[in-house]
Amino acid sequence: MSTNSSIQPVSPESELLSNTTCQLEEDLSISFSIIFMTVGILSNSLAIAILMKAYQRFRQKYKSSFLLLASALVITDFFGHLINGTIAVFVYASDKDWIYFDKSNILCSIFGICMVFSGLCPLFLGSLMAIERCIGVTKPIFHSTKITTKHVKMMLSGVCFFAVFVALLPILGHRDYKIQASRTWCFYKTDEIKDWEDRFYLLLFAFLGLLALGISFVCNAITGISLLKVKFRSQQHRQGRSHHFEMVIQLLGIMCVSCICWSPFLVRIYGFDIFFCLFQLIHIQYKVCCLFQRC
């Protein structure tokens, strides 16, 4: 006796409901992308205006250096929201059909470069701000005599150029940025990595990001402890210390936001690759032991 398996036909109502749901999710994704991009651009624009006004007003060296670095951080974040948000909205509006609108993979490469740069550069600038404040609080004479605005601008340029270099590494190595699983953004290759070079890019990005967060944490901790010690020892120079406390609080806010936004992603990348490397090392050692036993 033969049994015939029958497939239940999909009703037109169910198909219409499914299509409506998908369209609603697509519209919500586009709306959220536009809202996040708009909020980021407006808030950063307001921050840039406030910082520029403060930079023109305060000419003290210990304030101008900090405000210059803070302005660079906000401007970097502004362009990150503007460029990445614009590309993301365009991708959603084009139904994520990368093959249609990006046959040569140029837009994906630009998107990936901007993602890496706008991810690393603010972390670098946050750690640079923490280092500058740590030196200003713990070594005030050295800071006032050796660290000038010119030196800060040179360090700022170096950090930006280094972030650009890291973002361009795959292009210089004749590798392409890859479309991620959600088909809404581009980044290093993260799935089915078999080449050491692709793994190196991921590990480098995660290492630099975690290093910047670690430096920020250590420097802010040293600065905070030093200010608390001075506060309990003496009540003099209260105004100068209040400005230092204000800067440290701002740095702690920047560090907390950076940790919340980037730590899970960086730890996931770094942890997975370390686990993979350890597994490979154990596997190699097992093969060597088996080879010696046979001999």
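Reading guide: rules and limits
- Every chain begins its residue count from 1, and numbering advances along the sequence as written.
- Local features in a predicted model are, by the rule used here, given only for residues with pLDDT of at least 70; side-chain atom pairs are given and counted only at 80 or more, and totals for whole chains, interfaces and linings are based on all residues.
- In computing side-chain values, all of the structure's heavy atoms are included and hydrogens and water are not.
- Helix and strand definitions here come from DSSP, where helices need a minimum of 4 consecutive H or I residues and strands a minimum of 2 consecutive E residues; each element is numbered from the N-terminal end.
- Think of it in three bands: with a 1.4 Å probe and only protein chains considered, a residue is buried below 20% of the maximum accessible area for its type, exposed above 50%, and partly exposed in between.
- Any two residues whose heavy atoms approach within 4.5 Å are treated as being in contact.
- All accessibility values rest on the Shrake-Rupley procedure with a 1.4 Å probe; residue burial counts only the protein chains present in the view.
- Criterion for a salt bridge: a side-chain nitrogen of Lys or Arg within 4 Å of a carboxyl oxygen of Asp or Glu.
- One number per residue, pLDDT, summarises how confident the predictor is, and it ranges from 0 to 100.
- UniProt positions are given in the numbering used here, feature names are shortened, and annotations may be inferred rather than shown by experiment.
- Here a polar contact is taken to be a pair of N or O atoms separated by no more than 3.5 Å, where protein atoms must pair a possible hydrogen donor with a possible acceptor and residues adjacent in sequence count only if both atoms sit in side chains.
- Any residue with relative accessible area above 30% and no salt bridge may belong to a patch, with like charges joined within 9 Å and the nonpolar Val, Leu, Ile, Met, Phe, Trp and Tyr side chains within 5 Å.
- Residue types Ala, Val, Leu, Ile, Met, Phe, Trp, Tyr and Cys, when buried and joined through side-chain atoms within 4.5 Å, form a set referred to as a nonpolar core.

Let's shift gears to the overall build of the chain. Within the chain, the secondary structure is distributed over eight helices and two strands. Taken from N to C terminus, the helices and strands of the chain fall in the order α-α-α-α-α-α-β-β-α-α. Considering the chain as a whole, with its 295 residues, one finds that 38% of them fall into the buried category. Of all intrachain contacts in the chain linking residues separated by at least 6 positions in sequence, the fraction that spans at least 24 positions is 74%. Taken as a whole, the chain presents about 18,700 Å² of accessible surface, with 69% of it coming from carbon and sulfur.

Taken as a whole, this structure holds four salt bridges when the rule is applied. In this structure, Glu132 and Arg133 form a salt bridge, with 2.9 Å as the shortest nitrogen-oxygen distance. You'll find Glu132 and Arg133 in the same group, each marked buried. For Glu197, the salt bridge identified is with Arg175, shortest N-O distance 3.0 Å. Residue Glu197 is located in helix α7 (residues 196-233), and its partner Arg175 is located in the loop between α6 (149-172) and β1 (178-179); the two are separated by 22 residues in the primary sequence. Residues joined in a network through salt bridges with shared partners are Arg175, Asp195, Glu197 and Asp198.

With that settled, the discussion passes to the environment of Cys259. Along the chain, the position of Cys259 falls in helix α8 (residues 238-294). Sequence separation between Cys259 and Leu123 is 136 residues, and the spatial gap between their C-alpha atoms is 9.4 Å. Those residues within four positions of Cys259 in sequence are excluded, and the remaining contacts are Leu213 and Pro264.

Attention now moves to the side chain of Asn220. Mapped onto the elements of the fold, Asn220 is located in helix α7. Beyond its immediate stretch of four places on either side in the chain, Asn220 contacts Ala130, Leu251, Leu252 and Met255.

As a further point, take the environment of Cys261. Position of Cys261 relative to the elements: it lies in helix α8. Along the backbone, Cys261 and Gly119 are 142 residues apart, and their C-alpha atoms lie at a distance of 9.8 Å.

Taken over all residues, the pLDDT of the chain has a mean of 76, while the share at 70 or more is 73%. Put simply, α8 is where the chain has its lowest mean pLDDT, 61, and α6 is where it has its highest, 92. Note that pLDDT drops below 50 for residues 13-19; the model gives that stretch one contact with residues more than four away or on any other chain.

As a further point, take the UniProt feature "transmembrane region" (unreviewed entry) in the chain. The UniProt record marks residues 30-54, 66-92, 104-131, 152-172, 200-228 and 248-266 with the feature "transmembrane region" (unreviewed entry), using the residue numbering of this structure. Overall, residues 104-131 shows 93% helix and 0% strand. The separation of its end C-alpha atoms is 42 Å.

All right, on to unusual backbone geometry then. At Lys96, a position not held by glycine, the phi torsion is positive, near 55°. Relative to the elements of secondary structure, Lys96 occurs in the loop between α2 (61-93) and α3 (98-101). The residue Asn105 is not glycine, and still its phi comes out positive at about 65°.

All right, on to the environment of Asp102 then. Mapped onto the elements, Asp102 comes out in the loop between α3 and α4 (106-138). By relative accessible area, which is 9% here, Asp102 ends up buried. Setting aside chain neighbours within four positions, we find Asp102 in contact with Leu107 and Cys108. Within polar-contact distance, the side chain of Asp102 engages the backbone nitrogen of Cys108 at 3.0 Å.

Once that is clear, we can look at a nonpolar patch on the surface. Together, Phe162, Val164, Phe165, Leu168, Ile171 and Leu172 give the surface a local cluster of nonpolar side chains, amounting to about 490 Å² of exposed area. Summarising the element assignment, Leu168 is placed in helix α6. Here Leu168 falls in the partly exposed class, since its relative accessible area comes to 31%.

Before going further, it helps to examine the nonpolar core. In terms of nonpolar packing, the biggest core is built from 55 residues, with Trp98, Val116, Phe187 and Tyr188 touching the most fellow members. Counting only elements with at least two residues in this core, the list comes to α1 (12-57), α2, α3, α4, α6, β2 (186-187), α7 and α8. When neighbours within four sequence positions are excluded, Tyr188 is seen to be in contact with Val116, Val166, Pro170, Tyr177, Gln180, Tyr201, Leu202 and Phe205.

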